[in-house]
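One letter stands for each residue in the lines below.
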Amino acid sequence: MTKEEFVFTIGFQGEAAIVDGKARKEYKKLSTIDLTEKGLFRAAFCSALFDDSEPEMMHVLDAYNKHSGASMKTIDDMKKMLGIYTVPDGIKKITVVN
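Owing to the predicted nature of the structure, the values given are computational and were not obtained by experimental measurement.

1. With respect to the overall build of the protein
Next, step 1: Counting secondary structure elements, the protein contains 6 helices and 3 strands.
Next, step 2: Overall, the protein shows an N-to-C arrangement of helices and strands of α-β-β-α-α-α-α-α-β.
Next, step 3: For a compact globule of 98 residues, the expected C-alpha radius of gyration is about 13 Å, and the protein comes in at 13 Å, within 12% of that figure.
Next, step 4: Principal-axis analysis of the C-alpha atoms gives the protein an extent of 35 × 25 × 20 Å.
Next, step 5: For the protein, with 98 residues in total, the buried portion stands at 36%.
Next, step 6: Considering only intrachain contacts with a sequence separation of at least 6, the fraction spanning at least 24 residues in the protein is 54%.

Right under this line is the structure:
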């Protein structure tokens, strides 16, 4: 699974990742910080998680807290809230939906 596919995955069905093709096309060139600034917190967090960048994950968490009024303190809190813990292994198919 590529970073671009992971960042814009909206779900999974068995061994397939379901990717939002419209969002991927529009935002694929944006960095984690750029995605955060656009309010695309899930995509931004996935970008940081894919890169295993704790500073970027914390940046997304802090921006989300500020934007939403939430009070998450740890990266694990953000992972739980989003339901995203790791880049999944075993994805054999990518399905793009528009």
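After that view of the structure, there is still more to cover.
2. A closer look at helix α4 (residues 41-50)
Next, step 1: Here α4 lies mainly inside the structure; 8 of its 10 residues are buried.
Next, step 2: Check the buried side of α4 and you find it contacts α1 (3-7), α3 (32-37), α5 (54-68) and α6 (75-82).
Next, step 3: Directly beyond the C-terminal end of α4, a positive phi value near 55° is found at Asp52.

Cut-offs applied
- Residues numbered from 1 in each chain as written.
- Predicted model: local features only at pLDDT ≥ 70, side-chain atom pairs only at ≥ 80, totals over all residues.
- Heavy atoms only, no water.
- Helix = DSSP H or I, 4+ residues; strand = E, 2+ residues; numbered from the N terminus.
- Rg over C-alpha atoms; globule rule 2.2 N^0.38 Å.
- Buried < 20%, exposed > 50% of the residue type's maximum accessible area, 1.4 Å probe, protein only.
- Contact = heavy atoms within 4.5 Å.

Just distances and angles here, no functional claims.
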